[in-house]
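# Working through the structure, step by step
The residues making up each chain are set out below.
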Amino acid sequence: PEETVTSSFASFIGAARPEHLSQTVRQRSKRMILDSIGVGLVGSTTRVFDIALRYCRELYSSVAVSSVYGKPGVKLSPTLAAFTNGVATHSMDFDDTWHPATHPSGAVLPALLAASQMLPPNTKPNGLDFLLAFNVGLEVQGRLMHFSTEAHDIPKRFHPPSVVGTLGSAAATAKLLSLSSAQCCHALGIAASLAGAPMANAATQAKPLHVGNATRLGLEAALLAARGMEANPLILDDIPGCSGFSAFYGVYQPKPLLAPGERHEFLLEKQDIAFKRFPAHLGMHWVVDAALSVRNLFINYAGSFSPSLIRTIVLKIPVSKYINRPFPSSEHQARHSFQFNACAALLDGEVGLDSFSESRIQRQELRELLDKVVVEHPEDNVANFDKMYGEVALLLHSGDVLTGKCDTFYGHWRKPLSKESLLKKFRSNASHVLPEEKVEAIIALVDNLENLSDSSQL
């Protein structure tokens, strides 16, 4: 039979081999794994994580074999462990971001961690198998995002990891379980029926569920396919009059995925990942860097940061409704507010974990700064993580104007975090729940992942 887009994806999943991963891809993906574990560990300290964990422990009983971030001695069934760890990873919006926009690691890594612990002792995947499966999950997500031009802009309709992440999780798990090509097709088809979450739930406690469900439901899709469940084998193809994966896009132009080898180059080879320096929506990183830049100018001008000298704060940002929030009232709204992050950076000279506490959000001096904010949307500032910029201008009562602008923040794929910065972030995050020796042990395990005989040690 003629090869289809869907079957080409399935064939790719089955044909991928460790030797197809270049040194660049291995190193970049290991950095992603380490960062994702760190944000998952610190995310296990949040209220939304506690809600999800309590839900899983109270409502379900099963064979508990898979570990939970930040909770020594607590184990759940594989799918619920994947769900809970996915929620932890996205609970602070601290996880990595790719372009076109999605959060790739959080949708894949928890499923692989849970599946590794689920498998019998004599069939445990080694570290290289684990790394390969992780990259298969990334590649499937990236290729699906490239099937639509609208995916390149900050999304308006659905949260991307809830869609492409679910299929990425299914593909990664299918690879780890060594499913047949036909079973991989069915896993992708089943995952498509489990995918999707609207953007209206951004900036709420429900948003972390999008990543939790993506990694859990992708794992479930692969397990169902392994047990014989079937789905439409043309799910990724563009079939007129009968939408498959195309249902999620207004314009959908799928292309077959080449077999791994000399003709295929992993997307991670071409483009690095954005790692966040503080726990907020990626768009916030532009305005924070711009705000810190103009704050330094202001201190040189006035000797100290004195809000009373400021008449107006002008933010020049892209049009994106769900992250344009003038007066956020919760931590999740604050993480999705251009205005809040710019003003917090101006007031404190930094944005960090504590910036999103209720007491910091409700500060009178911060509210007074928010009252001075005016938003402008220049035509050349498009809602696209590869093209946007952030600009913060301070209009002073004296008539002077000070301006800071950021085209590429530190941590963006064009300006990647150094190894030292990434390790600093990981150690800071992981130390919230683990002693120093275990933090360092994880760093060593991930760094030596190719040589790990049993990936469930992670």
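Residues numbered from 1 in each chain as written. Predicted model: local features only at pLDDT ≥ 70, side-chain atom pairs only at ≥ 80, totals over all residues. Heavy atoms only, no water.

## Section: the overall build of the protein chain
Check the secondary structure of the protein chain and you find 17 helices and 6 strands. Each of the three principal axes of the protein chain carries a C-alpha extent, and together these read 75 × 50 × 40 Å. Split into buried and exposed, the 458 residues of the protein chain put 59% on the buried side. Taking the intrachain contacts of the protein chain between residues at least 6 apart in sequence as the baseline, contacts between residues at least 24 apart amount to 77%. In the structure as shown, the protein chain presents an accessible area of about 17800 Å², 50% of it carried by carbon and sulfur atoms. (Helix = DSSP H or I, 4+ residues; strand = E, 2+ residues; numbered from the N terminus. Buried < 20%, exposed > 50% of the residue type's maximum accessible area, 1.4 Å probe, protein only. Contact = heavy atoms within 4.5 Å. Areas by Shrake-Rupley, 256 points an atom, 1.4 Å probe, with all protein chains shown as cover.)

## Quick word on the UniProt feature "domain: MmgE/PrpD C-terminal" (unreviewed entry) in the protein chain
Listed under "domain: MmgE/PrpD C-terminal" (unreviewed entry) in the UniProt record, and renumbered for this structure, are residues 278–450. Taken end to end, residues 278–450 is 40% helix and 14% strand, and its first and last C-alpha atoms sit 29 Å apart. (UniProt positions renumbered as here; feature names shortened; annotations may be inferred.)

## Regarding the pattern of salt bridges
Summed over the entire model, instances satisfying the criterion amount to 17 salt bridges. Between Arg31 and Asp272 there is a salt bridge, and its shortest N-O distance comes to 3.5 Å. In this pair, Arg31 sits in helix H2 (residues 23–43) while Asp272 sits in the loop between helix H10 (267–270) and helix H11 (284–302), placing the two residues 241 residues apart along the sequence. Summarising the burial analysis for this pair, Arg31 and Asp272 share the class buried. Via salt bridges that share partners, Arg26, Lys30 and Glu450 belong to a single interconnected network. (Salt bridge = Lys/Arg side-chain N within 4 Å of Asp/Glu carboxyl O.)

## A look at the layout of surface pockets
One number sums up the size of the largest pocket: a volume of about 540 Å³. Looking at the largest pocket, it is lined by 26 residues, and the ones nearest its centre are Ser67, Val68, Tyr69, Gly70 and Leu458. Looking at the lining of the largest pocket, the elements with two or more residues in it are H2, strand S1 (66–67), helix H4 (78–90), helix H5 (104–118) and helix H17 (436–447). Element by element, the count of residues in the lining of the largest pocket is highest for H5, at 4 residues. Looking at the lining of the largest pocket residue by residue, the class counts come to 14 nonpolar, 9 polar and 3 charged. (1 Å grid on protein atoms, 1.4 Å probe; cavity = no way out; pocket = protein on both sides within 12 Å on 5 of 7 lines; lining within 4 Å. Points joined across faces, edges and corners; volume = space filled by probe spheres on them. Nonpolar A, V, L, I, M, F, W, Y, C, P; charged D, E, K, R; others polar.)

## Some words on the state of the cysteines
One pass over the structure, following the stated rule, counts 0 disulfides. Cysteine Cys343 remains unbridged, with the sulfur of Cys406 as its closest cysteine sulfur at 17 Å. (Disulfide = S-S within 2.5 Å.)

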